[in-house]
Amino acid sequence: MATGKVRYWAAAKEAAGVAEEPFDAVTLGELMTKITQNRAELARVIGRSSFLVDGSPVGKRAHEEVILSDGATVEVLPPFAGG
């Protein structure tokens, strides 16, 4: 089981109610399940978000296949309005 921190940006930060929080999970999929439990708005935002794990984009990889290392930082990036 890896431990680390999740950083939320923009709408994800608002939905989570915090800028970051610690986690313990083996995969990104497990982490997403844990952090969205009983947090419907965060689950909605995360469903549209992209992710960085230690600065590397997850892209289209299945979240269950993204293994988290101890001390990892996972960043949740909702779609941004541009201009």
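Below is a short write-up of the structure. (Residues numbered from 1 in each chain as written. Predicted model: local features only at pLDDT ≥ 70, side-chain atom pairs only at ≥ 80, totals over all residues. Heavy atoms only, no water.)

Turning to unusual backbone geometry, a few remarks are in order. Note on backbone geometry: most residues besides glycine have negative phi, and most peptide bonds are trans. Phi is positive for Ala-10, which is not a glycine, with a value near 50°. Along the polypeptide, Ala-10 turns up in the loop between strand S1 (2–8) and helix H1 (11–16). By relative accessible area, which is 44% here, Ala-10 ends up partly exposed. Look at Asn-38: it is not a glycine, yet its phi comes out positive at around 60°. Looking at where Asn-38 falls in the secondary structure, it is placed in the loop between helix H2 (28–36) and helix H3 (40–46). (Helix = DSSP H or I, 4+ residues; strand = E, 2+ residues; numbered from the N terminus. Buried < 20%, exposed > 50% of the residue type's maximum accessible area, 1.4 Å probe, protein only.)

So, about the pattern of salt bridges. Considering all chains together, one arrives at five salt bridges under this definition. With a shortest N-O distance of 3.0 Å, Glu-21 and Arg-39 are connected by a salt bridge. Of the two residues, Glu-21 sits in strand S2 (residues 20–25) while Arg-39 sits in the loop between H2 and H3, which places them 18 residues apart along the sequence. Residues Glu-30 and Lys-34 are paired through a salt bridge, measuring 3.5 Å at the closest nitrogen-oxygen approach. With Glu-30 and Lys-34 both in helix H2, this residue pair falls four residues apart, about one helical turn. (Salt bridge = Lys/Arg side-chain N within 4 Å of Asp/Glu carboxyl O.)

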